[in-house]
Amino acid sequence: MINVGMGAVFALGLLGAIAAIIIGASVVFFIISMIFLGFWIHRKVNKLDYQKVFKVSFIIYLALSIAVVGAPVACVGITAADFAVERNTPPEEYINPGVELSVTDSEIDEARGFYLDGVFYKRMSYDFYEYREDEVPIAKVKDEFRNIYEVKNASGKRLLRYRGYIYCKESDMKFLEKFYITLDDYDYYLYAYKGEKMKMEVFSDEEFNIIANAYGASRGVPDGTKNYYIEKRSPDGVYSPEEDVCITPEYEVYKSAGSYHYDLRNEELETRLRNYIKKYQRNYDEDLTEE
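Residues numbered from 1 in each chain as written. Predicted model: local features only at pLDDT ≥ 70, side-chain atom pairs only at ≥ 80, totals over all residues. Heavy atoms only, no water.

Undergrad: Pulling in residues and values, what's your account of the pairing of strand β3 (residues 136-140)?
TA: Here β3 pairs with strand β4 (residues 147-151) via 4 bridges, running antiparallel. Following the sheet pairing, Lys 140 is matched in β4 by Asn 147. If you look at the hairpin formed by β3 and β4, you'll find 6 residues sitting between the two strands, and Asp 143 has a positive phi there, around 65°. (Pairing = 2+ DSSP bridges. Helix = DSSP H or I, 4+ residues; strand = E, 2+ residues; numbered from the N terminus.)

Undergrad: So what's going on with the pairing of strand β7 (residues 187-191)? Which residues, and what values?
TA: In terms of burial, β7 is largely enclosed, as 4 of its 5 residues are buried. With 5 bridges joining them, β7 and strand β9 (residues 226-233) adopt antiparallel strand pairing. Within β9, the position partnered with Tyr 191 by the bridge is Tyr 229. Bridge count between β7 and strand β8 (residues 197-199): 3 bridges; the pairing is antiparallel. Among the inter-strand pairings, Tyr 189 is bridged to a residue of β8, identified as Lys 199. (Buried < 20%, exposed > 50% of the residue type's maximum accessible area, 1.4 Å probe, protein only.)

Undergrad: So, helix α5 (residues 205-212): which residues are in play, and what are the values?
TA: Among all positions of α5, only Glu 207, Phe 208, Ile 211 and Ala 212 are buried. All buried residues of α5 fall inside an arc of 145° around its axis, so they share one side. (Arc of directions from axis to C-beta.)

Undergrad: Tell me what's going on with the sheet that holds strand β10 (residues 242-247), and back it up with residues and numbers.
TA: One open sheet accounts for 6 strands, arranged β8-β7-β9-β10-β11-β12; its pairing is antiparallel. At either end of the open sheet lies a strand with only one pairing partner, and these are β8 and β12 (260-262). Across the sheet, the mean angle from the axis of one strand to that of its neighbour is 35°, orientation sign disregarded. (Axes fitted to C-alpha atoms, helices over the stretch in contact; angles between N-to-C directions.)

Undergrad: Requested: an account of the nonpolar core, with residues and values cited.
TA: Of all hydrophobic cores here, the largest spans 35 residues; its most connected members are Leu 159, Leu 190, Phe 203, Ile 230 and Leu 273. Put simply, the parts of the chain that give this core at least two residues each are β6 (165-169), α4 (173-181), β7, α5, β9, β10 and α6 (267-283). The element that contributes the greatest number of residues to this core is α6, accounting for 5 residues. Residues within four places of Leu 159 in sequence aside, it is in contact with Met 124, Tyr 149, Glu 150, Val 151, Asn 153, Ile 166, Tyr 167, Cys 168, Leu 176, Tyr 180 and Val 238. Counting 12 residues, the second largest nonpolar core, distinct from the first, contains Leu 101, Ile 138, Ala 139 and Val 141. (Core = buried A, V, L, I, M, F, W, Y, C linked by side-chain atoms within 4.5 Å. Contact = heavy atoms within 4.5 Å.)

Have a look at this one:
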């Protein structure tokens, strides 16, 4: 059974009503034009006066009948043609790698992977998505001006990126997951939404995991509470999971998970985060004042 949203039903109903009005108006104009045509023929056959008036009226209403339908159809056709031209015109900054996959964007998303040079590359977890400016375009997707990029990394395995996701050979998946979650030299960054990233010079994987595993009874937070992100980044920039924290106007720090907030139950970690957030606010958050 197909579920159709109310918005789609309303849009279809509106389009149906508009189409009915257009067709109805066209039919009315056509009928009127036929009436004038009949008068014109009648008066012409009987050699009566005012033939020209009925002839002109017939032409005007027939033209209106055609225009009422033709104008929307022409507009749709022009829009479709413009869209087709735009779709087939690459952006100015686009670089065509010269190799095109045989699958489309939706097919890649459905299969969670794609074949390249006879090898299937599978999408990794959401944590593997950090964009690198030195990535090299190696192939484009069918019917799209979107490229697949080679990702330089420290694992010794081939990694490819497409639309924010990292892909690897299926045979390398377990090795890569273990490789990136067992490093001992991650960098940690604190940042606000769409804000600059500030490196946290003193932070550990143990502290990151405390935040990740902080669950229990959710705490209510007051208005003015601000959210921040802690990013754990591998040295090659490929692996970058995040955890959310928040700080209240009274400088209480919690793990944040949407509308839920959890105690960290670690005073030393709370103090460290509090100090980093205050530093971030001083350096980047112009809308916040120091305590």
